[in-house]
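Next come the chains, spelled out residue by residue.
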Amino acid sequence: MSQIEISQIIEQIKEEIEVDANGQAKASIRATARLAGVDHAAIINHLQSGELKPTKLAQSIIIQGFETGELREWRTAGIPDTAIAIILEYYAYDAGRYCTLQARLVCRSFNTIGIRAWIQDKLGWTKPVTDNKTGMTEIQLLAALAQHLAEQEQHLLQQQQQQTEILHRLKAVEVEQDRVNTPCGHKYSVVGFANLQGLEISVKEAGTKGRKASALCRKQGIEIERIHDPRFGKVGLYPESVLIEVFSTGQN
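- In the nomenclature of an unreviewed UniProt entry, the protein is known as DNA-damage-inducible protein D of Nostoc flagelliforme CCNUN1.

Dropping the structure here:
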């Protein structure tokens, strides 16, 4: 998953987060699940386990000072930002086979400023400015960094595409150079050379010309390559110059 995709997910869940006048934020279970890259039902099960047999995730949340009864209320009231951070960290590193790469990438994205600062930014909440200080806030710096990373990723994709096109062109040049530098030209099977010349040839004729081409190659000390053909089994590959001589004789 890329920074571009994370930005898309953030925009999709923007309507399911809120922040109060004191800057404390919360998000719905579905929004939290989207950030973690898991099904929302999984998070509901963890929260509901708090009053009975708390799961590892529920225990981690309770240890941070939350009451077990609060966990059940989050289904309708929303999950506090500090608990969201715990949930993301759990699915990033502590959920075993249920860990997701998305949760890990989201954790890395928000580690520098925290989930609360991100939610504040998405909801337009701003901290009162004191001492007439100006400059970019932490969330603005993160946003600028995320934009820069997205641009870098797009630039890298363009470079990879350009490199692929260049490699294709170089390959075509190499093939042409090989054709020019090889005195006897490219190698073909008898049937392949006939098709290249627009000639029809029977199996019997192909066999006869193949034997003649083999004889010429042996006479000239040219090694005969063999390839698999689904119709004839193993067939020989002969230099273009040899095949031209065989076909120009007009003899079968």
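1. Details of the overall build of the protein
No. 1: For the protein, the helix and strand inventory stands at 12 helices and 6 strands.
No. 2: With 252 residues in all, the protein has 33% of them scored as buried.
No. 3: Look at the contacts in the protein between residues 6 or more apart in sequence, and 61% of them connect residues 24 or more apart.

2. A short note on the nonpolar core
No. 1: Counting residues in each nonpolar core, the largest one holds 37 residues, and the members touching the most others are Ile-43, Leu-47, Ile-61, Trp-74, Ile-79, Leu-88 and Tyr-91.
No. 2: Ranked by residue count, the leading element in this core is helix H6 (residues 81-94), at 8 residues.

3. Brief notes about the pairing of strand S6 (residues 233-239)
No. 1: In terms of residue burial, S6 counts as a mostly covered element, since 5 of its 7 residues are buried.
No. 2: By the bridge criterion, 2 bridges tie strand S4 (residues 187-188) to S6 in an arrangement that is antiparallel. Within S6, the position partnered with Lys-187 by the bridge is Pro-239.

4. Considerations on the sheet that holds strand S3 (residues 79-80)
Strand pairing in a sheet relies on backbone hydrogen bonds, with the paired strands running either antiparallel or parallel.
No. 1: Read across the sheet, 3 strands follow the order S1-S2-S3 without closing on themselves; strand pairing throughout is antiparallel. Looking at the sheet topology across the chains shown, the edges are occupied by strand S1 (17-19) and S3.

5. Thoughts on the side chain of His-46
No. 1: Inspection of the secondary structure puts His-46 in helix H3 (residues 40-48).
No. 2: Dropping the residues within four chain positions of it, His-46 is found in contact with Thr-55, Leu-57, Ala-58, Tyr-90 and Tyr-91.

6. Some thoughts on the pattern of salt bridges
No. 1: Scanning the model with the defined rule gives 1 salt bridge in all.
No. 2: Lys-187 is paired through a salt bridge with Glu-225; the nearest N and O atoms lie 3.2 Å apart. Taken together, the residues span a long stretch of sequence, with Lys-187 in strand S4 and Glu-225 in strand S5 (residues 225-229) at a distance of 38 residues.
No. 3: The exposure class assigned to Glu-225 is partly exposed, which follows from its relative accessible area of 39%.

7. Some thoughts on the packing of aromatic side chains
No. 1: This structure, assessed with the given rule, holds 4 aromatic pairs.
No. 2: With a centroid separation of 5.1 Å and an interplanar angle of 85°, the aromatic rings of Phe-66 and Trp-74 are classed as edge-to-face. Per residue, the accessibility class of Phe-66 equals that of Trp-74, and both read buried.
No. 3: Here Tyr-188 and Phe-193 contribute two aromatic rings whose centre-to-centre distance is 6.1 Å and whose plane-to-plane angle is 50°, an arrangement assigned as tilted.
No. 4: Three or more aromatic residues joined by ring pairs make a cluster, and in this case those are Tyr-188, Phe-193 and Phe-247.
No. 5: Cation over ring: Lys-209 sits above Phe-247, and NZ or CZ is 4.9 Å from the ring centre.

8. Some points on a nonpolar patch on the surface
No. 1: A cluster of nonpolar residues, Ile-166, Leu-167 and Leu-170, forms a patch on the protein surface that exposes about 300 Å² of accessible area.
No. 2: For Leu-167, the location among the structural elements is in helix H9 (residues 138-181).
No. 3: Owing to a relative accessible area of 58%, Leu-167 belongs among the exposed residues under this scheme.

9. Overview of H6
No. 1: Over its 14 residues, H6 extends 19 Å from the first C-alpha to the last, a length consistent with the 20 Å expected when each residue adds 1.5 Å.
No. 2: The complete set of buried residues in H6 reads Asp-81, Ala-83, Ile-84, Ile-86, Ile-87, Leu-88, Tyr-90, Tyr-91 and Ala-92.
No. 3: Positive backbone phi, approximately 65°, marks Gly-96, located one or two places after H6.

10. Some thoughts on the sheet that holds S4
No. 1: Strand order across the open sheet formed by 3 strands is S4-S6-S5, with antiparallel pairing between neighbours. Either end of the sheet is taken by a strand with one partner, and the two such strands are S4 and S5.
No. 2: Contacts between helix H11 (residues 203-220) and the sheet are confined to S5 and S6, with S6 contributing the most and set at about 50° to the helix.
No. 3: In this fold helix H12 (residues 240-248) packs onto S4 and S6, with an angle of close to 95° to the strand it touches most, S6.

11. Details of the environment of Gln-147
No. 1: Looking at the secondary structure, you find Gln-147 in helix H9.
No. 2: The class of Gln-147 is partly exposed, set by a relative accessible area of 45%.
No. 3: Taking the C-alpha atoms as reference, Gln-147 lies 9.1 Å from Ser-7; in sequence the two are 140 residues apart.

What counts and what doesn't
Residues numbered from 1 in each chain as written. Predicted model: local features only at pLDDT ≥ 70, side-chain atom pairs only at ≥ 80, totals over all residues. Heavy atoms only, no water. Helix = DSSP H or I, 4+ residues; strand = E, 2+ residues; numbered from the N terminus. Buried < 20%, exposed > 50% of the residue type's maximum accessible area, 1.4 Å probe, protein only. Contact = heavy atoms within 4.5 Å. Core = buried A, V, L, I, M, F, W, Y, C linked by side-chain atoms within 4.5 Å. Pairing = 2+ DSSP bridges. Salt bridge = Lys/Arg side-chain N within 4 Å of Asp/Glu carboxyl O. Phe/Tyr/Trp six-rings, centres within 6.5 Å; stacked < 30°, edge-to-face > 60°. Lys NZ or Arg CZ within 6 Å of the ring centre and 35° of its normal. Patch = residues over 30% accessible without salt bridge, like charges linked within 9 Å, V, L, I, M, F, W, Y side chains within 5 Å. Areas by Shrake-Rupley, 256 points an atom, 1.4 Å probe, with all protein chains shown as cover. Expected span 1.5 Å × (residues − 1). Axes fitted to C-alpha atoms, helices over the stretch in contact; angles between N-to-C directions.

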